[in-house]
Amino acid sequence: QVQLVESGGGLVQAGGSLRLSCVVSGRTFSSYVMGWFRQAPGKEREFVAAISWSVGSTRYADSVKGRFTISGDNAKNTVYLQMNSLKPDDTAVYYCAARRALVISTTQDLYDYWGQGTQVTVSS
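Here the structure is a predicted model, which is why all the values come from computation and not from measurement. (Residues numbered from 1 in each chain as written. Predicted model: local features only at pLDDT ≥ 70, side-chain atom pairs only at ≥ 80, totals over all residues. Heavy atoms only, no water.)

**Notes on the pattern of salt bridges**
Turning to step 1, where the next piece is worked out: Applying the stated criterion to the full structure yields five salt bridges.
Turning to step 2, where the next piece is worked out: With a shortest N-O distance of 3.5 Å, arginine 100 and aspartate 112 are connected by a salt bridge. Of this pair, arginine 100 sits in the loop between β9 (92-99) and β10 (113-114) while aspartate 112 sits in the loop between β9 and β10, and the two are twelve residues apart along the sequence.
Turning to step 3, where the next piece is worked out: For arginine 100, a relative accessible area of 53% gives the class exposed.
Turning to step 4, where the next piece is worked out: Aspartate 112 gets classed as partly exposed once you look at its relative accessible area, which sits at 36%. (Salt bridge = Lys/Arg side-chain N within 4 Å of Asp/Glu carboxyl O. Helix = DSSP H or I, 4+ residues; strand = E, 2+ residues; numbered from the N terminus. Buried < 20%, exposed > 50% of the residue type's maximum accessible area, 1.4 Å probe, protein only.)

**Overview of the pairing of strand β11 (residues 118-123)**
Turning to step 1, where the next piece is worked out: Residues Thr118, Val120 and Val122 line the buried face of β11, whereas the alternating positions Gln119, Thr121 and Ser123 sit on a face that is not buried.
Turning to step 2, where the next piece is worked out: With four bridges connecting them, strand β2 (residues 10-13) and β11 associate as parallel partners. Within β11, the residue paired with valine 12 across the bridge is valine 122.
Turning to step 3, where the next piece is worked out: Where β9 meets β11, three bridges bridge the pair, whose relative direction is antiparallel. The residue bridging alanine 92 from the neighbouring strand is valine 120, located in β11. (Pairing = 2+ DSSP bridges.)

See the structure below:
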């Protein structure tokens, strides 16, 4: 069975940093595209970043380019989201997701597995 477990969320002041982690079990890590999505209260879930680890390609939402970095560790079956220069607008529940493909997608409906989410709160 595939399981995704996020961690690393918390409360941080504007301009600060956090690193989120997503541990993946139950499949071959390198055969999946891994993505991060987020959902703020009262808003729809939106794409943040994704990585195709086997290909080495990444993609970011325009709102986080230059501030967030997605990376992976095959040996640990773990995907990371390093978040720098955080803004209050980044406040949301962040979800890790996996897609059985090599091509990155920004559409949440194309992802097959989801974690439980981790809360990120950025104060002003």
